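Listed here are the chains, written in short residue letters.
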Amino acid sequence: MNLKPETLIKIDEVITHYPEKRSAMMPLLHLIQEEVGYIPEEAITWVAEKLGLQPINVYEVVTFYPMFRRQPIGRRHIKVCRTLSCALRGGYQICEKFEQEFNTHRGAVSPDGEVTVEFVECLASCGTAPVVMVDDDLHEQVDGAKAQQIADRIKAEARQR
Amino acid sequence: MPAPEQRRIIFKHIDESGYSNDLACYLKHGGYEVLKQAVTRPPQALIDEVKRSGLRGRGGAGFPCGVKWGLVDRRSGKPIYLIVNADESEPGTFKDRYLIHQDPHQLIEGTMISCFANNVTQAYIYIRGEFPHGARILGKAIAEARAANFVGPNILGTGYSCEIHIHRGAGAYICGEETGLIESLEGKRAYPRIKPPYFPAVLGLYQCPTIVNNVETLCHVKHIAEIGGEAFARIGTANNTGTRIFCVSGHVQRPGCYEFPTGTITMGQLLNEVCGGPLPGRKFKAVIPGGSSAKVLRFGERFKGRRKVGADLVDFDWGVEDLPMDFDSLALIGTMGGSGGVIVMDDSVNMVEALANINAFYAHESCGQCTPCREGSLWMKKLTTRMVHGPARAEDAALLKDVADQIPGRTICAFGEACAWPTQSFLAKFGDEFKNHHETKQVPKPTATAALV
């Protein structure tokens, strides 16, 4: 497992937050996923060793929490809220819009590798429904026009790379 | 009767222009003065203030905060932990998001006062994974508070020390259940623990006494320490003290968070006056009053009975619009105030589709530990999804009820109730729509209707 020195420093620091090392499981997985983009197989044994656990103890956590991924995703992650308040305000149509814009379907990486569009459960911003998270950023009251703007910006940023 | 004025205590600075989430701004508005006062008092005096205040937990169950603190095992000699439940995940609830992003120091001050009162030396803020910016903002705020000696070793020269660390979740709803949250914080799957012991206050994190409180609850503690428990108890109504933040979403003109003295506003005032009523040309059809697991109410139904007002028993005859928005009144009519998330549906909504949406949520979020919940939530989802996207049958309503009725009371945690109540209440209140769905679904819908599943 080759992690950047700064990630390793953060990992060693976060372990000190807890009286029992095992508690650092989720923080470690978050840090690894932030650097690698997903949780590769070797990370499971690496985390187990780091925390003095068996790989199964890590594996069961990775497979339990929806945010931990076992495969890479697109360079950008579009998460559309699926739950009731957003659906009442058009969340399903917004998700379809993104699927069309990037020629993909829910859960899959777009053919150009640029985005993964996904439905997620409640993002706790029901008052400004429908909401969409692009990577770490929340977009509120996303109607068709706003979804178009978001998609255009992602495409423009991709061209600049 | 016109709606009462909002009384913004917890939300005082939310969306205030010029108010920022840094320490300098918080101090300018009198921040941490209450903590400075609190650490000069005996800890038990602070616990007594909270008991006198009658503060009830704002996470969903409405359990009295002072009682929860009173259950803490203080004789075991083990460290006492405090966990801030910032895993806001009940659909329809979105108050903590604003408190964390816009006023993190209010939460930290409330947390530190609660820690001091309970002799806690290590607190964790369990924040849901979907708030990455919120976690960063809290991290920065804690660092600022630590630099100013409000958090960390020897706080304000008193000899009392307490650390706060942030722990990020990873998208699992069940982490809002306090024993599931504790398991998660221990680095495991968030499987809720078997009860007894009933309260983490006895055996919680690392088998030590642990207090788990909601973000809003801890913010209230700051104000209780400031004005005193008795003054706080005078806000709101008896047994439903202080203010309550209602998060209104769905089909209203002005969705959002609104803070009122508890029990002083009715559902009708909240939805029609505060939130501007239904969308143009539409009528209210149904409302879920306390987060998506609370039982749904149908506009037009009436609730009759007797209730206690002070020492007297009085008759009540309420429509949905007349319902006082407090824990006890909502419990009285068979639903709950829960987390304060009010989800409104108008006459464009097909209730089978709405239930299919809710069922998909609960099937996705069941932790899988108990068979009735794991299988039941999945079958309720499969049934309602099939009714919408495949063939619907008149007998589906009875089948759904049969599945739902076998879940509550047969699971380790309250998720069993949470996932069954929507199906049970939708069937009880809108049974005809379920029985007739095979016919109504043949009628084409206006193109503007939002798909729900």
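Residues numbered from 1 in each chain as written. Chains lettered and ligands numbered in written order. Predicted model: local features only at pLDDT ≥ 70, side-chain atom pairs only at ≥ 80, totals over all residues. Heavy atoms only, no water.

## Concerning the packing of helix H5 (residues 95-102) of chain B against helix H9 (residues 215-227) of chain B
Residue and element names in this part refer to chain B. Running from N to C, H5 and H9 point in directions that differ by 55 degrees, and their axes come no closer than 9 Å. Relative to H9, H5 is oriented oblique. Every residue of H9 that contacts H5 at Lys 95, Asp 96, Leu 99 and Ile 100 is listed here: Val 215, Glu 216 and Cys 219. Its residues placed into classes, the contact of H5 with H9 shows four nonpolar, no polar and three charged. (Axes fitted to C-alpha atoms, helices over the stretch in contact; angles between N-to-C directions. Helix = DSSP H or I, 4+ residues; strand = E, 2+ residues; numbered from the N terminus. Parallel < 35°, antiparallel > 145°, perpendicular 65-115°, else oblique. Contact = heavy atoms within 4.5 Å. Nonpolar A, V, L, I, M, F, W, Y, C, P; charged D, E, K, R; others polar.)

## Quick look at the sheet that holds strand E4 (residues 210-214) of chain B
All names here are of chain B. Spatial ordering of the open sheet is given by E3-E2-E1-E4, a layout of four strands whose pairing is parallel. Since the sheet does not close on itself, it has two edges, and those belong to strand E3 (163-168) and E4, each with one partner. Across the sheet, the mean angle separating the axes of adjacent strands is 20 degrees when strand polarity is ignored. Both strand E1 (residues 81-86) and strand E2 (residues 122-127) contribute to a ladder of six bridges, which runs parallel. In the sheet register, Tyr 81 faces E2, and the bridge partner there is Gln 122. (Pairing = 2+ DSSP bridges.)

## Overview of the environment of A:Ser125
Mapped onto the elements of the fold, A:Ser125 is located in the loop between strand E2 (115-120) and strand E3 (132-134). What makes A:Ser125 buried here is its relative accessible area of 1%. Distance from A:Ser125 to A:Cys81, taken between C-alpha atoms, is 9.3 Å for residues 44 residues apart in sequence. The contacts of A:Ser125, once residues within four sequence positions are left out, are A:Val131, A:Leu138, A:Glu140, B:Phe94 and B:Arg97. (Buried < 20%, exposed > 50% of the residue type's maximum accessible area, 1.4 Å probe, protein only.)

## Some details on the domain arrangement of chain A
Assigned domains of chain A: these are domain 1 (5-64) and domain 2 (76-160). Averaged C-alpha coordinates put domain 1 of chain A and domain 2 of chain A at centres separated by 29 Å. (Domains from an automatic or database assignment.)

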